[in-house]
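If you want the building blocks of each chain, they are given just below.
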Amino acid sequence: MIKSEFKRRRRELMRMMGPGSIAILPTAPLLIRNRDVHHAYRPDSDFYYLTGFPEPEAVLVLIPGRKQAEYILFNRERDPKMEQWDGARAGQEGAVATYEADDAFPIGDLDDILPRMMEQCERVFYIMGCNPDLDKRLSSWLNHIRCESRSGVPGPVEIVALDHYLHEMRLFKSRSELKVMRQAARVSALAHKKVMQVCTEGVWEYQLEGTFVNACIQQGARFQAYPPIVGGGGNACVLHYIDNRDRLQDGDMLLIDAGCEIECYASDITRTYPISGVFSEPQRQLYELVLAAQEAAIKRVRPGNHWNDPHDAAVRVITRGLVKLGILKGSVPKLVREEKYKKYFPHRTGHWLGMDVHDVGDYKVDGAWRLLEPGMVLTVEPGLYIPEGTRGVAKKWWNIGIRIEDDVLVTKDGCEVLTKHVAKSVDEIESMMVG
Ligand code: GLY
Ligand code: MN
Ligand code: MN
């Protein structure tokens, strides 16, 4: 991401905050996996969105209009001994030189310096409840400032939800964000193709996970946006199945929901196909129904339509199709009203996509579904799941779980499917797998 992008975001946020304000935003903690082993580090999305600063133990402070420095970073000090083990640190010099902070202080000085900065401000922009340690410290600083009010220190009078402002900004993707998201989509699409080409009876689900992750890493995407879901047969009916530990059986279908992350931007793709490379008749019928629902939903992604339009379209197609196949019985409008489809299609048709796979941004505004606008990115992912033993449903439909998921950008006059390069129609899938 170009540096000017981070600067633009800080400037925009500070303009909304106005003078007399201070924003305080910590990055994510380093998490222990076991004993002295850590999980791979991933900065907090909000923090990274404003700074591009990749190290743990850092706090961003923004004070619009402050003469000495508006953008301040508290971060780790240089430490040659630690750096020999864990790699280079930016230190305060790097925070200024590389990350363009106006000023930087050691993170250990936070308690001494930050309250002094706060007491000059009327409003504190902060996200409460995400960092219990900093929440506690913030309370004690505020208490301390209150005690000092007798000596004429005015101090803050208002705590404002920073996420409200920041998440609204993150919902609309800029040109450079879309460039990264397109790249993530392309990398994941190619990785899905690789999996499709090696998927066959007898292969283990974890081996396909390995193929996917390896294909992403080979293309420079070291991290996944979420743990891959790789389920054959009935495992595909568990929505977030991540055990990926069974062997693929001939005659079953495979559902793979996987997407890489690049520069903290996610992709999120699901494909479902027969392990043998050829659809059985019941598989094809259900598959074409989910595909029709997805296509109907994607058609509804355009400016002016509201958030729930694509879901409504998918629900209508799925319900109508289930009646046609004899899985649901009754009148379609009544079945939709009574949400009878939910037994087989229990989730929503999508979510916002961005730095977080289930990205931030309100879905409703003043109680009404939000209108779609250019620059928003969402997933479209209807599904049908019929586990073994589903009562009242003929056996031929059992053990089929199908989801088809693409990442879709709202454009000026419609939408663009960012993940369109993965085979999706029955014909495309069959010729790809046989090939
Ligand atoms: N991979 C999680 C989801 O599709 O929402
Ligand atoms: Mn998704
Ligand atoms: Mn997904």
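Note that the structure is a prediction, hence the values are computed from the model and not measured.

### Concerning the overall build of the protein chain
Secondary structure summary: the protein chain contains 13 helices and 21 strands in total. Principal axes of the C-alpha set define a box for the protein chain whose edges measure 80 × 50 × 40 Å. Taking all 435 residues of the protein chain together, the buried fraction comes to 53%. The contacts of the protein chain with a sequence gap of at least 6 include a subset with a gap of at least 24, amounting to 70%. For the protein chain, the accessible area works out to roughly 20600 Å², and carbon and sulfur atoms hold 50% of it. Computed over 57 positive and 61 negative side-chain charges, the inter-centroid distance for the protein chain is 5 Å.

### As for the coordination of the manganese ion (ligand 2)
The reference angle at a metal is 109.5 degrees if four donors form a tetrahedron and 90 or 180 degrees if six donors form an octahedron. Here the manganese ion (ligand 2) is held by D268 (OD), H351 (NE2), E381 (OE) and E405 (OE), and the distances to it run 2.0 to 2.2 Å. If you look at the manganese ion (ligand 2), its 6 donor atoms make angles of 50 to 153° with each other, and the shape they trace is irregular. Of note, the manganese ion (ligand 2) draws all its donor residues from one chain, in the sequence arrangement D-x82-H-x29-E-x23-E.

### Notes on helix α1 (residues 3–17)
Between its first and last C-alpha atoms α1 spans 22 Å; for 15 residues at 1.5 Å apiece the expected length is 21 Å, and the two agree. Inspection of α1 places E5, F6, R9, R10, L13, M14 and M17 among the buried residues, and these make up the whole buried set. An end-on view of α1 places all buried positions within 165° of arc, on one side of the element. With respect to the buried face of α1, the exposed residues turned more than 90 degrees away are R11 and R15. Residue G18 follows α1 closely and has a positive phi angle near 80°.

### Points about the site of ligand 1
In the neighbourhood of ligand 1, the contacting residues comprise Y226, D257, D268, H351, H358, E381 and E405. D257 is positioned with one of its side-chain polar atoms (N or O) 3.2 Å from a nitrogen atom of ligand 1. Between an oxygen atom of ligand 1 and a side-chain N or O atom of E405, the distance comes to 3.2 Å. Protein chains bury 92% of the 190 Å² of accessible surface belonging to ligand 1 in isolation. Looking at side-chain class alone, the shell around ligand 1 contains 1 nonpolar, 2 polar and 4 charged residues.

### Some details on the state of the cysteines
Applying the stated criterion across every chain yields a total of 0 disulfides. Between C121, a free cysteine, and C147, which holds the nearest cysteine sulfur, the sulfur-to-sulfur gap is 19 Å. Looking at C121, the relative accessible area reads 4%, which means it is buried. A disulfide-free cysteine, C130 has its sulfur positioned 16 Å from the sulfur of C264, the nearest such atom. A residue is classified by how much of its surface remains accessible, and C130, at 62% relative accessible area, is exposed.

### Details of the coordination of the manganese ion (ligand 3)
Coordination of the manganese ion (ligand 3) by the protein involves D257 (OD), D257 (OD), D268 (OD) and E405 (OE), with metal-donor separations of 2.0 to 2.4 Å. What the 6 donor atoms of the manganese ion (ligand 3) show is an angle range of 57 to 170° at the metal, which sorts the shape as irregular. Sequence spacing of the donor residues for the manganese ion (ligand 3), all on one chain, is D-x10-D-x136-E. A separation of 3.3 Å is found between the manganese ion (ligand 3) and the manganese ion (ligand 2), both of which receive a donor from D268. Of this pair, D268 sits in the loop between β13 (265–266) and β14 (269–274) while E405 sits in the loop between β19 (400–403) and β20 (406–411), placing them 137 residues apart in sequence. The class of E405 is buried, set by a relative accessible area of 0%.

### Observations concerning the pairing of strand β21 (residues 414–417)
Across 4 bridges, the pairing between β20 and β21 is antiparallel. Counterpart to L409 in the pairing with β21 is E416. Remark: 2 residues form the turn of the hairpin made by β20 and β21, two consecutive strands paired antiparallel.

Reading the values: the criteria
- Residue numbers restart at each chain and count upward from 1, following the sequence in its written direction.
- For naming, the first written chain is A and the first written ligand is 1, with later ones following in the order written.
- In view of the model being predicted, local features appear only for residues whose pLDDT reaches at least 70, and side-chain atom pairs are presented and counted only at 80 or more, with totals across whole chains, interfaces and linings using the full set of residues.
- Excluding hydrogens and water, the side-chain figures rest on all heavy atoms present in the structure.
- Helix and strand definitions follow DSSP, with helices as H or I runs of at least four residues and strands as E runs of at least two, each counted in order from the N terminus.
- Throughout this description, buried means an accessible area under 20% of the type-specific maximum (1.4 Å probe, protein chains only), exposed means over 50%, and partly exposed covers the range between.
- What makes two residues a contact is simply this: any of their non-hydrogen atoms within 4.5 Å.
- All accessible-area figures derive from a Shrake-Rupley calculation using a 1.4 Å probe, and residue coverage is judged against the displayed protein chains alone.
- Neither His nor the chain ends contribute to the count of charged residues, in which Lys and Arg are positive and Asp and Glu negative.
- Charged groups are reduced to one reference atom each: NZ for lysine, CZ for arginine, CG for aspartic acid, CD for glutamic acid.
- Listed donor atoms are N, O and S within 2.8 Å of the metal (Na, K and Ca: 3.2 Å). As water is not included, a site may look incomplete.
- The geometry test gives tetrahedral to four donors whose angles all lie between 85 and 135 degrees, gives square planar to four donors and octahedral to six donors whose opposite members are over 155 degrees apart with all other angles between 65 and 115, and gives irregular to the rest.
- One less than the residue count of a helix, multiplied by 1.5 Å, gives the span that helix is expected to have.
- To obtain the arc, one takes the directions from the helix axis to the C-beta atoms.
- A cutoff of 4 Å decides nearness: a residue is near a molecule or strand if any of its heavy atoms lies inside that distance of it.
- Any N or O atom pair separated by 3.5 Å or less is treated as a polar contact, with the protein-specific requirement of one donor-capable and one acceptor-capable atom, and with residues adjacent in sequence counted only for side-chain atom pairs.
- Three residue categories are used. Nonpolar comprises Ala, Val, Leu, Ile, Met, Phe, Trp, Tyr, Cys and Pro, charged comprises Asp, Glu, Lys and Arg, and polar comprises the others, including Gly.
- Note on disulfides: each one is a pair of cysteine sulfur atoms within 2.5 Å.
- Pairing between strands is defined by DSSP: at least two bridges between the two strands are required.

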